[in-house]
Every structure is written in C-alpha cells, then in structure tokens.
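Fold and contact review
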Amino acid sequence: MKIFDRNLFLELTQKESEPFISIYVPTSRKSTNAYKDDQTRFKNQLSQVEKDLEKNWGMDERNISKALRPAHQLLEDFNFWQHNSDLLAVFLADGEMEYFQVPFPREESMNFIGTKAFTMPLVPELNDDGHYYLLLLNLDRIRLYEATRDVIQEIILDEKEVAVSFTVEEEIAENQGHLQGQGGVGSAGAMYHGHDGGSDEEKKTTILNYFHRMTNMLEPLLYKNPLPLYLAGVDYLIPLFREASKYNHLQDGHVSGAFTEKDVMSLHQKSWQLASDYFSSERRKRMNDFEEKQSEGLSIQNDKTALIKAAHSGALDTLFVDEKHEHVWGTFDTQKHQVNYQESKDKHSHCLIDLTISQTIKNGGKVFLMNSDSLPANDIMAGILRYPLS
C-alpha cells in the first residue's frame, strides 16, 4: 500500500471534467466468497452511474460505455480484488480512471457525478484525527504501518528508497571486509562489522549510524502525509532512533518488545492504547479553542456563507463538519468571492460542504468529521479562524 498524501488529494481537487465521476465502495480484507460481495457493490454503483449519466447528463450508450470502460475493466480484474484495503475510491474523468485503496472503513457505498471530485470520504486518510504511523524497529527488517483505531495496514517500503535492514547491511559490510583482507589489505585494514564483534557501545554507535541513514530516507516519505509516529521495538533501540530522527511528529512512549510482522495484531492493540490519548486530547483542545475564540470573534457557527468564504480566503484554521450532513448545493464565484446557493443539483453545482472541506485542507487547515451531537454548534459546520474577518 502506498501513502495517499496531501499532494495527491490537492491534485485530485484541482481536476475538472464533464462529467467527473466519484465512486466509493467499502471493501474487505478477507472474504469467504472470493470477494464477490465487493465486486457486486462496485457493479451496483456503476449501474446507478449509468442511469444518472443517461437521465441527467443526456449521454448516449456509446459515450457512457467510453466513460465507464476503465471501471468495468477494473471490475473484471480478479487479481485486483484479492488485495483490498477497507475503502476503494474510484475517479473517472475524460475516459481515464484513478483509484485509491485506503484503510478507513465506510458503512455504505456512494457515487457522485459533477464537474469535480467529491472528496469528503478521503478526509480521514489525510487527517491525523485517529490516524497514525507505527514504525517497528526490528534490525532484520524495519516495517512501517498505517493505523487507526479499527485497522492497521503495512506500507511496503521500497528497499531501493529506504534502508530497511540493518542486518543485511552488516552482512554485506562483513563480506566486503573479508574480501579486502584476502586481497592483501591485511588484518589492520579489514574492519569487522558483524553483530558479535566490538563492545556494546560500538554496536550502539553502528546502529545509530544506520538509523541516521534510514531516517534520512524514510522521513521525506512520511512528510508527504505527516501523521503522528509511534515506535515499537526492544527498549535499547528506541533512544537510538529518537536521537537520529528529525521527524516533527514523533510521539512520546513506545510499544516495548521484540516483535516481528507476525505480531501485527498485538502491535495494533498496544499502539492504539498510546495513540488514543493523543487523539482525544487533540480533539478536546480544538473544541475548547472553539469556545474560547468566540469572545475574540475567531469562531463561526450557524453561518455557512461565512465559513465557505473563510475557507476560500485561507482564514479558516479548523473546520468541524457533520459527517452525515445533507448536501448543500451551489457554486462559489472566486472573482466576486460570492456563494451561490441552489435548491437542487445541476451539472455545474457541487456540494458546498465538500468544497469548504477541500479548500480548508488546501490552505493548511484541519478538518474534523464528527457526529452531529458532538459538533460545537447546532449546524452542519462550525469553524475556528486564524484571524478576524473584515
């Protein structure tokens, strides 16, 4: 699994087409019927899209077939469905398809046809609200996981991009040292790098140097979608990694023990015990900030128009959204900085809530999808401002 990062999200939000088709389907990691249920859900969404394109977009059978051809090919790709995550997001535009598999469960399938992507279901993949990395420090093989409260999934690291094995590096160095010795360098010129050579302090220095190399390769990947990072491994490795790491989101605490990839369920459970406190405190802090900012004129509630405009201008720091909101149809005129509401959807309208979400993320803000009962205001959106609106 590759990391779905903020740059990919922003690229997606900037694309436009008539029509632009978004499809979201819950998928299964394990199946007793060869993942046919997942395929059926996807097939049903394609059927709904076909009817919508004919009825509301006036497209004929030939053009509908052309628009959906990549999706139908994916539907028939048996091997693809054997390697699912929790949610499949598919986007179709101009006869081409882009898809992402993300580790966030969604209860129901959905589709959306407009002139741009509907992106709200992808927000949890970008937000660190319950979403974190877990790095297993095993010297035989470093492993990176992406996790939430409910799921954990390994991010496969390319060995050409990241030095994933200290053991392999040491074996290569040891073999090279022996060859140099045999070639006439002499015992004084051949350095032994094996695990059994040298004092404990020398071994720690060698491991620290490895962590420096490894983190220099790994951390640029993490910064593509920066999330809280937790560590797992034997205790003596943790301070060495912390000394080498420059990652700003490395968290305190770690999962202690000698783990391998076979212990992933235990790692998930123990890491969530650490992460849950962080996420609870982060959300509480944002909610408390909302209450405190009201007296300063830096919070907005019960005013969708002000929130939409603030998101587009970059003034919105934090956005709270009812995750089960009804669509609010309309358009935003960027030249006039004006919100145009519509009672019903047409070809060129979009959900203004989804538009506000994508603009908030584009301008570096945080978005929290919440139950309606948890929202800090009696509306489908509320927000915290960076600065007062003029």
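In case you missed it, the structure is sitting above this.
Let me sum up the structure you'll find in this document. This one's a predicted model, so the numbers in the text were calculated from it and none came from an experiment.

1. Here we look at the overall build of the protein chain
A count of helical and extended segments in the protein chain gives 10 helices and 16 strands. Expressed along its principal axes, the backbone C-alpha trace of the protein chain runs to roughly 85 × 60 × 40 Å. Residues classed as buried in the protein chain amount to 49% of the 390 residues present. Counting only contacts in the protein chain whose residues sit at least 6 apart along the sequence, the fraction spanning at least 24 positions is 69%. Summed over its atoms, the accessible surface of the protein chain is roughly 19,800 Å², and 45% of this surface lies on carbon and sulfur atoms. In the protein chain, 41 positive and 60 negative side-chain charges are present, and the distance between their average locations comes to 3 Å.

2. With respect to the environment of His72
Of note, His72 is situated in helix α3 (residues 61-75). As for His72 and His254, which are separated by 182 residues in sequence, their C-alpha atoms are 45 Å apart. Beyond its immediate chain neighbours, meaning those up to four positions away, His72 contacts Leu46 and Glu50.

3. Structural notes on the nonpolar core
Counting residues in each nonpolar core, the largest one holds 46 residues, and the members touching the most others are Phe91 and Ile357. Once residues within four sequence positions are removed from consideration, Phe91 is found in contact with Leu12, Phe20, Ile21, Ser22, Tyr24, Glu96, Met97, Glu98, Phe100, Ala117, Phe118 and Leu122. Among the nonpolar cores identified, the runner-up in size contains 29 residues, and Leu144, Ala163, Leu227 and Phe241 belong to it.

4. Digging into the packing of helix α1 (residues 6-14) against helix α10 (residues 352-362)
Viewed as axis vectors pointing N to C, α1 and α10 meet at an angle of 135 degrees, and their least axial separation amounts to 10 Å. Taken as axis vectors, α1 and α10 run oblique relative to one another. The chirality of how α1 crosses α10 is left-handed. Seen from α1, the contacting residues are Arg6, Phe9, Leu10 and Thr13; seen from α10, they are Ser358, Ile361 and Lys362.

5. Side note on the sheet that holds strand β8 (residues 229-233)
Taking strand neighbours across the sheet as the criterion, the five strands line up as β7-β6-β5-β8-β9 in an open arrangement whose pairing is mixed. Of all strands in the sheet, those with a lone pairing partner are β7 (152-155) and β9 (250-256), marking the two edges. With strand direction ignored, the average angle separating the axes of adjacent strands in the sheet is 30 degrees. Where helix α6 (residues 200-222) meets the sheet, its contacts fall on β5 (132-137), β6 (143-147) and β8, and the angle it forms with β5 comes to roughly 160 degrees.

6. A word on the packing of aromatic side chains
To describe a pair of aromatic rings, one takes the distance between the centres and the angle between the planes. Applying the stated criterion across every chain, the model contains 18 aromatic pairs. Considering the side-chain rings of Tyr132 and Tyr230, the 5.8 Å spacing of their centres and the 90 degrees angle between planes classify their relative orientation as edge-to-face. Of the two residues, Tyr132 is situated in strand β5 and Tyr230 in strand β8; the sequence distance between them amounts to 98 residues. Each member of the pair, Tyr132 as well as Tyr230, carries the same accessibility label: buried. With a centroid separation of 5.1 Å and 75 degrees between ring planes, the pair formed by Tyr278 and Phe279 is classed as edge-to-face. The partly exposed category is assigned to Tyr278, whose relative accessible area is 24%. Among the residues examined, Phe279 registers a relative accessible area of 6% and is labelled buried. Here Lys345 stacks its cationic end above the ring of Phe112, 5.2 Å away from the centre of that ring.

7. Details of the sheet that holds strand β15 (residues 366-370)
The strands making up a sheet associate through backbone hydrogen bonding, with each pair oriented either parallel or antiparallel. Spatially, the four strands line up as an open sheet ordered β10-β16-β11-β15, and their pairing is mixed. The strands lining the two open edges of the sheet, one partner per strand, are β10 (299-301) and β15. Within this sheet the neighbouring strands show an average axis-to-axis angle of 15 degrees, counted without direction. Bridging between strand β11 (residues 316-322) and β15 involves five bridges; their strand directions are parallel. Across the sheet, the residue bridging to Val321 is Leu369, located in β15.

8. Re the pairing of strand β12 (residues 329-333)
When β12 meets strand β14 (residues 350-351), the two strands line up antiparallel, connected through two bridges. Considered in β14, the bridge of Trp329 is made with Cys351. Pairing geometry for β12 and strand β13 (residues 338-341), over four bridges, is antiparallel. Paired with Thr331 across the bridge in β13 is Asn340.

9. Some remarks on helix α9 (residues 304-313)
Turning to α9, its buried residues number three or more, namely Ala306, Leu307, Ile308, Ala310, Ala311 and His312. Its buried side turned inward, α9 meets β10, β11, β12, β13, α10 and β16 (381-385). Positive phi appears at Gly314, one or two residues downstream of α9, with a value of about 90 degrees.

10. As for α6
Under the 1.5 Å per step criterion, the end-to-end length of α6 is 31 Å for 23 residues, consistent within 8% with the ideal 33 Å. Its maximal kink placed at Thr215, α6 deviates by approximately 30 degrees. Where α6 is concerned, the buried positions are Ile207, Leu208, Tyr210, Phe211, Met214, Thr215, Leu218, Glu219 and Leu222.

Rules behind the numbers
- Residues numbered from 1 in each chain as written.
- Predicted model: local features only at pLDDT ≥ 70, side-chain atom pairs only at ≥ 80, totals over all residues.
- Heavy atoms only, no water.
- Helix = DSSP H or I, 4+ residues; strand = E, 2+ residues; numbered from the N terminus.
- Buried < 20%, exposed > 50% of the residue type's maximum accessible area, 1.4 Å probe, protein only.
- Contact = heavy atoms within 4.5 Å.
- Areas by Shrake-Rupley, 256 points an atom, 1.4 Å probe, with all protein chains shown as cover.
- Lys, Arg positive; Asp, Glu negative; His and termini not counted.
- Charge placed at Lys NZ, Arg CZ, Asp CG, Glu CD.
- Core = buried A, V, L, I, M, F, W, Y, C linked by side-chain atoms within 4.5 Å.
- Axes fitted to C-alpha atoms, helices over the stretch in contact; angles between N-to-C directions.
- Parallel < 35°, antiparallel > 145°, perpendicular 65-115°, else oblique.
- Left-handed = near helix turned anticlockwise from the far one by under 90°.
- Pairing = 2+ DSSP bridges.
- Phe/Tyr/Trp six-rings, centres within 6.5 Å; stacked < 30°, edge-to-face > 60°.
- Lys NZ or Arg CZ within 6 Å of the ring centre and 35° of its normal.
- Expected span 1.5 Å × (residues − 1).
- Bend = angle between axes of the 7 residues up to and from the residue.

Function cannot be inferred from these measures alone, as they are strictly geometric.
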